[in-house]
Amino acid sequence: MIFVLIDLLLLLVWSTQYRWWGRTIDYKHPRILMYHMVSGHRRGAKFNKLRVAPAQFERQVAYLAENDWTFAHVSELKNALPDKTVVLTFDDGYRDNLEYAHPILARYKAKATLYLVEDRFDRDWSTAKKAHHDSGELMQEPKLSDAEVETMLASGVWELGAHTLTHANLPATEPQLRADEVIQGRTVLQQKFNQSIPSFAYPFGIYDTEDVRLAEQAGYDFAVTTKEGIDPLPYARPLELKRIKVSGKEGLWSFKLRLRTGRRK
């Protein structure tokens, strides 16, 4: 009897952590996935959730490719897309996106959108969200050079999106600088890479109605948040799109579950 009770307790805990019983969101609605780094975990690091191991990432992309998912860039969300469309997004601009993610994406003929911080070197931007996150971990993480970004864009695998000039905490930023982060963040990337920049990602997922207004003023077609879920078509708020967070601390089963329900909890 005691073992039955233990099993039931474990099932209850597992069920509250993973919504296996959650409602399946109709596959006609595209899934937008959020990544940061594709690299191995580091002992004692604070941000290992943001690190998806290369082998784990390949299993995810292989699963998508082998199960009839269509890969799309964020800009393609304005088009009619087939059921089971998935949009892979990468925030910030880490070098491992080229070193590890790019070959895997190319191998499976996948696509991804890179949300690039313009001034991304020697910045410990994690402290802009929480002052005690001052270990310098993200500052020390190698970032993509402009030449490397050019290589990625030339491949056709990647599309470029804006992620502000400095990865600012927008609501905590002085008004004129705040506007520059959103608007000039687009202009600078367009001029530097001679690319249209159709979409934007709010740093840390922290934003308010003023930032949405600035994104509209800047001319973005879409903006993505860190709110977890799947938005139904047609999009009621194209400048506040939800994403599915892909954690480096979870396996393929959880990945499949999130594709189905849009959420872990």
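Thresholds applied
Residues numbered from 1 in each chain as written. Predicted model: local features only at pLDDT ≥ 70, side-chain atom pairs only at ≥ 80, totals over all residues. Heavy atoms only, no water. Helix = DSSP H or I, 4+ residues; strand = E, 2+ residues; numbered from the N terminus. Buried < 20%, exposed > 50% of the residue type's maximum accessible area, 1.4 Å probe, protein only. Contact = heavy atoms within 4.5 Å. Areas by Shrake-Rupley, 256 points an atom, 1.4 Å probe, with all protein chains shown as cover. Axes fitted to C-alpha atoms, helices over the stretch in contact; angles between N-to-C directions. Parallel < 35°, antiparallel > 145°, perpendicular 65-115°, else oblique. Left-handed = near helix turned anticlockwise from the far one by under 90°. Nonpolar A, V, L, I, M, F, W, Y, C, P; charged D, E, K, R; others polar. pLDDT = per-residue confidence, 0-100.

Q: So what's going on with the overall build of the chain? Residues and values would help.
A: Of regular secondary structure, the chain possesses eight helices and 10 strands. In the chain, buried positions account for 52% of the 265 residues. Residue pairs at least 24 apart in sequence account for 68% of intrachain contacts in the chain once pairs closer than 6 positions are excluded. As presented, the chain carries roughly 12600 Å² of accessible surface, and 53% of it is formed by carbon and sulfur atoms.

Q: Which residues make up the packing of helix α6 (residues 175-193) against helix α7 (residues 209-218), and what values do they have?
A: Between α6 and α7, whose axes approach to 9 Å, the crossing angle comes to 30 degrees. If you check the angle between α6 and α7, you find them roughly parallel. In this structure, α6 crosses over α7, and the sense of that crossing is right-handed. Residues R178, A179, V182, I183 and R186 of α6 pack against E210, D211, L214, A215, Q217 and A218 of α7. Across the contact of α6 with α7, the residue classes tally to six nonpolar, one polar and four charged.

Q: So, the confidence of the model for the chain: which residues are in play, and what are the values?
A: This prediction gives the chain a mean pLDDT of 91; 89% of its residues lie at or above 70. Low confidence marks residues 3-8, where pLDDT is under 50. Its contacts with residues over four positions away, or in another chain, come to zero contacts. Every residue in residues 10-15 scores below 50 in pLDDT, and together they form four contacts with partners more than four places removed in sequence or on other chains.

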